[in-house]
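Residue-level listing of the chains:
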Amino acid sequence: MTLPEDYLRYPNRRHGMDHDRYEWSNLFRRNPVSWPGGAKVALWVCPALEWFPLDMQNKPFRPPGGLERPYPDYRYYTHRDYGNRVGIFRIMKVLDKLGIKASATVNSAVAERYPFLLREVTRRGWEVIAHGVDMAHLHYGGMPEAEEAAQIAQAVTTLRELSGQPVTGWLSPGKSESHATLDLLAAEGIEYVCDWINDDMPYPLKTGQGSLYSMPHSHEIDDRLILLQYHHSERDFTEQVKDQFDTLYKEADKYGGRILSITLHPWVIGQPYRIKPLEEALSYIMGHKDVWCATGSEILAAFKASQ
Amino acid sequence: MKNDPGLYDYWPYVDRPKITWPNGARVAFWVAPNIEFYELAPPINPTWTPPGRPVPDVMYYSQRDFGNRVGVWRMMEAMDRCGVRGSISLNIALCDHHPEIIEECAKRDWEFFSHGIYNTRFTYGMSEAQEREFIEDAFASVEKYTGQRLAGWLSPALTNTERTLELLAEYGIKYTCDLFQDDQPQPLKVNSGRLISMPYSLEMNDIIVYNFDLSSPRHYAKVIRAQFEQLYEEGAESGTVMCIPLHPFLVGQAHRIAAFEEALAYITGHEKVWVTTGREIADWYYEHHYDTVLDALKSTRQSQG
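Residues numbered from 1 in each chain as written. Chains lettered and ligands numbered in written order. Predicted model: local features only at pLDDT ≥ 70, side-chain atom pairs only at ≥ 80, totals over all residues. Heavy atoms only, no water.

Caption draft 1: Here's a closer look at the overall build of chain B. A tally of helices and strands in chain B yields 11 helices and nine strands. Relative to a compact globule of 305 residues, whose C-alpha radius of gyration would be 19 Å, chain B shows 19 Å and is just as compact. Partitioning the intrachain contacts of chain B with sequence separation of at least 6 by distance along the chain shows that 75% fall at a separation of at least 24. Of the roughly 11800 Å² of accessible surface on chain B, a fraction of 50% belongs to carbon and sulfur atoms. (Helix = DSSP H or I, 4+ residues; strand = E, 2+ residues; numbered from the N terminus. Rg over C-alpha atoms; globule rule 2.2 N^0.38 Å. Contact = heavy atoms within 4.5 Å. Areas by Shrake-Rupley, 256 points an atom, 1.4 Å probe, with all protein chains shown as cover.)

Below you can see the structure in the form of structure tokens.
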């Protein structure tokens, strides 16, 4: 047996990355970032407001949280739906109590279907980050570009109209992109993207259309990942959030401001028995001085200003 | 296909010749960070396609890229503080992509061993000529960028052909990390040259513990300590080897690094531990134990025979 000749040819073996979307850079050799008020850590809490349609096809892959049973899958549909009806309001109560302003990643379908929920988000001064149309509308390699452009326009336009916010942040459903996604987002006026999980700080992305940044929306400090995928306990979740914070807080002394990003799914962490462990973790963080609660746009603006 | 690798005979973990390490150490302890490059759009290997999303798999790719931007430096700092030199399981192309990382490792006198060219190019299905080209590339690149002569090998993504280990012995590789049959080094049956299997580890490997066993950071620290305590105890009778294979994109996450460093400090805080590298263990073993063990293996073969 022999592999094709080109299996041992490496056209992109060169200094830097094997693509031209961004430059390699060592986090610990960058200009230190300063946050407003000399804060050490910017706390960026991102609850996801998702809708998993009953007829979703999970093509070309099942996004995290996607329905699992044959149609009609009431079991998973309603379990996810719980988050938008009940779970998110538990989270809001905790965040209100601690004075934390969040950034919600919102499917445009949620904004259309549940205007009450969207108003609860905006009246708190939370930022709305576009999170695609819904969890059935994925972005992926090989999808027709026109279809993707229309999907992005639909999500962004709807969210801008309904929220009254400029909506400059984007998180793709399942953090999945095509080769064209970044260009299409920049063309739509998006200024930062939350899909790339290769850094703890923002960094510039290259597009054909102008300025776009990657923001470190957390993959690891995520209730669904830790509790449902890793099957860790609630206590483990709390510990890991605290440990993440402690490391970043300490690093800030030497390397400049850091970002603690926490990804929440109301259908996971908003369950009655899980909400206190979240409160404990957030109270621990808020019990420190030099913590700056901010939205994605505010963090990015401060980051750019201090470069 | 064969029904047995044919690389070693059955040799129970009783009545073996006593292994000794420098200064009466009980455990030879080494840490093997896998410093890797996963391509955004790798070619398909017809034998094996790992599961994933359509290209570009942004999440998979960027999660691994985290290691080279962030994780490797956190891990390096923790190892520096504990006085541990790494033995790097290196995707050779990283020399070209990120010589800045190579430079920092070389400065610390860390060892480089080959982990293939990319973690996205598998050995499965290579012809002998292709496999030779692959091995020669590894030798030449590591020498060019680090001045080191390759001594160790871990196949990329643990992919082998039946001839891989034979070729490695012929090219003068001293130890392979591809076999998990033992807690002590062991001579392998090769036709030319010499080759030993070096205890690397799946069980202590962060990618296995975090991603397959789904353990928490603190549980990882706990199993590292327990593994060490047992090998330290057994090492009083005959020397053992403990390896911790790492992936900076995993252990270098902010919520994992502190618990790991505590476990590392626990080990290096013991007196009878030889904190070393894969190459140094192999060299010591060849010098002091290889022949004795070979004789013992021969007589075991005769008595079992």
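Having seen it, we continue.
Caption draft 2: Main features of helix 3 (residues 99–107) of chain B. All names here are of chain B. Three or more residues of helix 3 are buried, namely Ile101, Ile102, Glu104 and Cys105. Down the axis of helix 3, the buried side of the element spans an arc of 165 degrees, and every buried residue falls inside it. Summarising the geometry of helix 3, the exposed residues directed more than 90 degrees from the buried face are Glu103 and Lys107. If you follow the buried residues of helix 3, they end up packed against strand 1 (27–35), helix 1 (58–82), strand 2 (87–90), helix 2 (94–97), strand 3 (111–114) and helix 4 (128–146). (Buried < 20%, exposed > 50% of the residue type's maximum accessible area, 1.4 Å probe, protein only. Arc of directions from axis to C-beta.)

Caption draft 3: Focus on the interface of chain B and chain A. Taken together, the contact between chain B and chain A spans 61 residues of the former and 62 residues of the latter. Summing both sides of the interface, chain B and chain A together bury roughly 5200 Å²; the carbon and sulfur share of this comes to 54%. Looking at the side of chain B facing chain A, the largest losses of area belong to B:Arg53, B:Arg69 and B:His255, adding up to 15% of the total buried there. For the interface between chain B and chain A, the tally reads 10 salt bridges. We note a salt bridge from B:Glu133 to A:Arg9, for which the minimum N-O separation is 2.8 Å. (Buried area = accessible area lost by both parts, 1.4 Å probe. Salt bridge = Lys/Arg side-chain N within 4 Å of Asp/Glu carboxyl O.)

Caption draft 4: Representation of the pattern of salt bridges within the structure. Taken as a whole and judged by the stated rule, the model has 41 salt bridges over all chains. B:Lys107 is paired through a salt bridge with B:Glu104; the nearest N and O atoms lie 3.0 Å apart. Taken as a pair, B:Lys107 and B:Glu104 lie in helix 3 at a separation of three residues, close to a single helical turn. You can call B:Lys107 exposed: its relative accessible area is 61%. A relative accessible area of 9% means that B:Glu104 is categorised as buried. B:Arg132 serves as the salt-bridge partner of B:Glu170, at 2.8 Å between the closest nitrogen and oxygen. Pair noted here: B:Glu170 is in helix 5 (residues 164–170) and B:Arg132 is in helix 4, with a separation of 38 residues, a long-range link. Connected through shared salt-bridge partners, A:Arg29, B:Asp80, B:Glu104, B:Lys107 and B:Arg108 make up one network.

Caption draft 5: Spatial organisation of the packing of helix 7 (residues 234–255) of chain A against helix 9 (residues 254–268) of chain B. It is the contact of helix 7 of chain A with helix 9 of chain B, at a shortest axis distance of 7 Å, that shows an interaxial angle of 85 degrees. Considered as vectors, helix 7 of chain A and helix 9 of chain B are oriented roughly perpendicular to each other. Listed contacts from helix 9 of chain B to A:Gln240, A:Asp243, A:Gln244, A:Thr247 and A:Leu248 of helix 7 of chain A are B:Ala254, B:His255 and B:Ile257. Residues that form the contact of helix 7 of chain A with helix 9 of chain B fall into these classes: three nonpolar, four polar and one charged. (Axes fitted to C-alpha atoms, helices over the stretch in contact; angles between N-to-C directions. Parallel < 35°, antiparallel > 145°, perpendicular 65-115°, else oblique. Nonpolar A, V, L, I, M, F, W, Y, C, P; charged D, E, K, R; others polar.)

Caption draft 6: Focus on the packing of aromatic side chains. Residue and element names in this part refer to chain B. Considering all chains together, one arrives at 28 aromatic pairs over all chains under this definition. For the pair Trp30 and Tyr175, a centre-to-centre distance of 6.1 Å together with 90 degrees between the ring planes defines the contact as edge-to-face. Of the two residues, Trp30 sits in strand 1 while Tyr175 sits in strand 5 (residues 175–176), which places them 145 residues apart along the sequence. Look at Trp30 and Tyr200: their rings are 6.5 Å apart centre to centre, the planes differ by 55 degrees, and that puts the pair in the tilted class. Of this pair, Trp30 sits in strand 1 while Tyr200 sits in the loop between strand 7 (196–197) and helix 6 (206–212); the two residues are 170 residues apart in sequence, bridging distant segments of the chain. In terms of burial, Trp30 and Tyr200 fall into one category: buried. Ring pairs connect the aromatic residues Trp30, Phe113, Tyr175, Phe180 and Tyr200, which therefore count as one cluster. (Phe/Tyr/Trp six-rings, centres within 6.5 Å; stacked < 30°, edge-to-face > 60°.)

Caption draft 7: Layout of the side chain of B:Glu39. By the element assignment, B:Glu39 lies in the loop between strand 1 and helix 1. On the basis of relative accessible area, B:Glu39 is assigned to the buried category, the value being 11%. Of note is the side chain of B:Glu39, whose polar atom sits 2.6 Å from the side chain of B:Arg121. With residues up to four places along the chain from it excluded, the contact list for B:Glu39 reads A:Asp18, B:Tyr61, B:Tyr118, B:Thr120 and B:Arg121. (Polar contact = N/O pair within 3.5 Å; in protein donor to acceptor, adjacent residues only side chain to side chain.)

Caption draft 8: Helix 9 of chain B, seen in detail. Counted at 1.5 Å a residue, the expected span for helix 9 of chain B with its 15 residues is 21 Å, and the 22 Å between its end C-alpha atoms agrees. Residues of helix 9 of chain B that are buried include every one of B:Ala254, B:His255, B:Arg256, B:Ile257, B:Ala259, B:Phe260, B:Glu261, B:Ala263, B:Leu264 and B:Ile267, and no others. (Expected span 1.5 Å × (residues − 1).)

Caption draft 9: Summary view of the state of the cysteines. The tally for this structure, following the rule as stated, stands at zero disulfides over all chains. Just so you know, B:Cys105 is unpaired, no disulfide at all, and the nearest cysteine sulfur is the one on B:Cys95, 9.9 Å from it. (Disulfide = S-S within 2.5 Å.)

Caption draft 10: Spotlight on the nonpolar core. In terms of nonpolar packing, the biggest core is built from 173 residues, with A:Trp35, A:Leu282, B:Leu90 and B:Met242 touching the most fellow members. Ranked by the residues each element gives to this core, the list is headed by helix 1 of chain B, at 10 residues. Here B:Met242 is in contact with B:Val27, B:Ala28, B:Phe29, B:Trp30, B:Met204, B:Ile224, B:Gln227, B:Phe228, B:Leu231 and B:Ile267, once residues within four sequence places are set aside. Judged by nonpolar contacts, the second largest core, of 26 residues, contains B:Trp11, B:Ile196, B:Cys243 and B:Leu297. (Core = buried A, V, L, I, M, F, W, Y, C linked by side-chain atoms within 4.5 Å.)

Caption draft 11: Representation of empty space enclosed by the protein in the model. Scanning the entire structure with this criterion turns up four cavities of 30 Å³ or more. Approximately 210 Å³ is the volume attributed to the largest cavity. Residues of the lining of the largest cavity, tallied by class, amount to five nonpolar, eight polar and four charged. Of the pockets and cavities examined, the second largest cavity occupies roughly 170 Å³. Around the second largest cavity sit 15 residues that line it, and A:Asp199, A:Asp200, A:Ser218, A:His219 and B:Gln253 are the ones nearest its centre. Of all elements in the fold, only helix 7 and strand 8 (258–264) of chain A reach the threshold of two or more residues within the lining of the second largest cavity. (1 Å grid on protein atoms, 1.4 Å probe; cavity = no way out; pocket = protein on both sides within 12 Å on 5 of 7 lines; lining within 4 Å. Points joined across faces, edges and corners; volume = space filled by probe spheres on them.)

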